[in-house]
Protein chains: 2
Amino acid sequence: MLRLPSSLQRVINEFSKLPGIGPKTAQRLAFYLLKKDNLDIVSLSNAVAELKQGVNFCSICHNMTETDPCSICNDPTRDHSLVCVVEEPLDAQALDKSGQFKGIFHVLGGVLNPLEGIGPDKLNISSLVKRTNQLASEKISEVIIATNPSLEGETTAMHLARVLKQEAPEVKVTRIARGLPSGGDLEYADDITLTRAMEGRREY
Amino acid sequence: MLRLPSSLQRVINEFSKLPGIGPKTAQRLAFYLLKKDNLDIVSLSNAVAELKQGVNFCSICHNMTETDPCSICNDPTRDHSLVCVVEEPLDAQALDKSGQFKGIFHVLGGVLNPLEGIGPDKLNISSLVKRTNQLASEKISEVIIATNPSLEGETTAMHLARVLKQEAPEVKVTRIARGLPSGGDLEYADDITLTRAMEGRREY
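Bear in mind that the values here come from a model prediction, so they are computed numbers and not experimental data. (Residues numbered from 1 in each chain as written. Chains lettered and ligands numbered in written order. Predicted model: local features only at pLDDT ≥ 70, side-chain atom pairs only at ≥ 80, totals over all residues. Heavy atoms only, no water.)

K.L.:
Even after reading the chapter, I still don't get the interface of chain A and chain B, so can you show me in this structure?
P.N.:
Chain A puts 57 residues into the contact, and the matching count from chain B is 56 residues. Here chain A packs against chain B, burying approximately 5300 Å² in sum over the two surfaces, 65% of which is carbon and sulfur. At the junction of chain A and chain B, the tally comes to 4 salt bridges. In this structure, the salt-bridge partner of B:Glu50 is A:Arg10, at a minimum N-O distance of 2.8 Å. Taken together, the links from chain A to chain B amount to 19 residue pairs in polar contact (both at pLDDT 80 or more). (Contact = heavy atoms within 4.5 Å. Buried area = accessible area lost by both parts, 1.4 Å probe. Salt bridge = Lys/Arg side-chain N within 4 Å of Asp/Glu carboxyl O. Polar contact = N/O pair within 3.5 Å; in protein donor to acceptor, adjacent residues only side chain to side chain.)

In structure tokens, the structure reads:
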């Protein structure tokens, strides 16, 4: 029986652990690397090893950053009275890239998921409440909850809304609109999306 | 504008260089790693760094191996008079896994590709000719050319057949059968496959 060298097998095993990469893809990647220069291999290895160095989290919004506070919390041209709550740093990036949102962010670091043992204490919720109560130069007037429109995201949004109503009743709490995505097709939309689209209809 | 920390961006860039991994997937992988323990990250980094250590090539068949000669060339229970020529180590592994082939291998290390500057001198062809001429305990009686049924694979196979006919005329040279794959559908088969399948037909 043909056995792969153990160092090669190890790389295959490590790649297989990554999400969306099965054993076949892992094998292909490992063989690809094997054909590359040592320099390329070292470059990948070092980048991975140093991944967490230089990645900090903003003490205000918990977004990923190199500086603390992050470039957004530190930006005086943004509207600091408008806070958008997202699940992950990538969500903040997506919203920021769209160019429409000029407020600041708050990254929860996940969603409520009782099955996986993720309760409210595991998310950055208390710091959000603290932010809304803070006597900052610009007081927070609106919190937009922009968690994903998934089961967990909706549950988390509802929990957040309840907590904020209790702890900071003077702050307006809103939820991003759910409806048909731009370029979407009514015919293929699922029932929940259609229901939300009807509920959220607006007058011309 | 939100900028990702440079160490994170570096990992995304490195992952993007891998085949089949676009910028979105690279981003997803990098963020996934960021959430893992340092131990997991170091484990991946080290595995990649040490990839080439311990990967040697068999001096006889050029297959990947930890020992030289490889476990197959060293196996006295295999038929050393039957040599199967493949493009890459993975091909040898696939054939070996099928369990039907009991001979030994010869890995070319690629295919002829003039556009990419890969000529006969870049492949392990001369060592194959030498093997067929060697006065080994078990003389090679048949060489099965099992390069891929692609344009380059077929060209390489034809070149090999010609060289072997000249340099080792007493050795039988065969090509693996091309035809409809098991489980395949005649209706969806391409013309070349159908032509090959007709050409290769056998009497019951």
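K.L.:
I'm lost on the sheet that holds strand β6 (residues 172–175) of chain A in this one. Help?
P.N.:
Strand pairs in the sheet, formed through backbone hydrogen bonds, run parallel or antiparallel to each other. Residues and elements named next belong to chain A. The strand order across the open sheet built from 4 strands is β4-β3-β5-β6, with neighbouring strands paired in parallel fashion. Only two strands of the sheet have a single partner each, and these edge strands are β4 (104–107) and β6. Between one strand and the next, the sheet's axes are offset by a mean angle of 25°, whatever the strand orientation. Both strand β3 (residues 82–86) and strand β5 (residues 142–145) contribute to a ladder of 4 bridges, which runs parallel. (Pairing = 2+ DSSP bridges. Helix = DSSP H or I, 4+ residues; strand = E, 2+ residues; numbered from the N terminus. Axes fitted to C-alpha atoms, helices over the stretch in contact; angles between N-to-C directions.)

K.L.:
How should the relation of the copies chain A and chain B be read in this particular structure?
P.N.:
Between the two copies of the chain lies a rotation about an axis combined with a shift along it. Between chain A and chain B, which share one sequence, the superposing operator has a rotation angle of 179° and an axial displacement of 0.0 Å; the RMSD is 0.1 Å. Those values place the two copies in the arrangement expected of a two-fold rotation axis. Judged by C-alpha distance, A:Ser45 is the residue of chain A that lies nearest the rotation axis, at 2.3 Å. Interface overlap between copies: 98% of the residues of chain A at the interface are likewise at the interface in chain B, consistent with a symmetric, same-surface contact. (Least-squares fit on C-alpha atoms with pLDDT ≥ 70 in both.)

K.L.:
Sorry if this is basic, but what is going on with unusual backbone geometry here?
P.N.:
Only a minority of non-glycine residues have a phi that is not negative, and only a minority of peptide bonds are not trans. Residues and elements named next belong to chain A. The omega angle of the peptide bond from Asp68 to Pro69 is 0°, so this bond is cis rather than trans. At His62, a position not held by glycine, the phi torsion is positive, near 65°. Within the element layout of this structure, His62 appears in the loop between β1 (56–57) and β2 (64–65). Classification of His62 as buried rests on a relative accessible area of 19%. (Buried < 20%, exposed > 50% of the residue type's maximum accessible area, 1.4 Å probe, protein only.)

K.L.:
Would you explain the environment of A:Ile176 in this entry?
P.N.:
Residue and element names in this part refer to chain A. Residue placement: Ile176 occurs in the loop between β6 and α7 (191–199). Under the relative-accessibility criterion, Ile176 is labelled partly exposed at 34%. C-alpha of Ile176 to C-alpha of Thr147: the two residues are 29 residues apart in sequence and 8.4 Å apart in space. Once residues lying within four places of it in the same chain are set aside, the contact partners of Ile176 are Ile144, Ile145, Ala146 and Thr147.

K.L.:
What's the story with helix α3 (residues 38–49) of chain A in this structure? I'm lost.
P.N.:
Each α-helix winds once per 3.6 residues, and so residues spaced three or four apart point in a common direction. For α3(A), built from 12 residues, the straight-helix expectation of 16 Å at 1.5 Å per residue is met to within 8% by its first-to-last C-alpha distance of 16 Å. On its buried face, α3(A) sits against α1 (6–16) and α2 (23–35) of chain A together with α1 (6–16), α2 (23–34) and α3 (38–49) of chain B. (Expected span 1.5 Å × (residues − 1).)

K.L.:
Just checking my understanding: could you explain the sheet that holds strand β5 (residues 142–145) of chain B for this structure?
P.N.:
Residue and element names in this part refer to chain B. Spatially, the 4 strands line up as an open sheet ordered β4-β3-β5-β6, and their pairing is parallel. Strands at the two margins of the open sheet, each flanked by one partner only, are β4 (103–107) and β6 (172–175). When the angles between neighbouring strand axes are averaged without regard to direction, this sheet yields 25°. Contacts from helix α5 (residues 126–133) reach β3 (79–86), β4 and β5 within the one sheet, and its direction differs from that of β4 by about 150°.

Function cannot be inferred from these measures alone, as they are strictly geometric.
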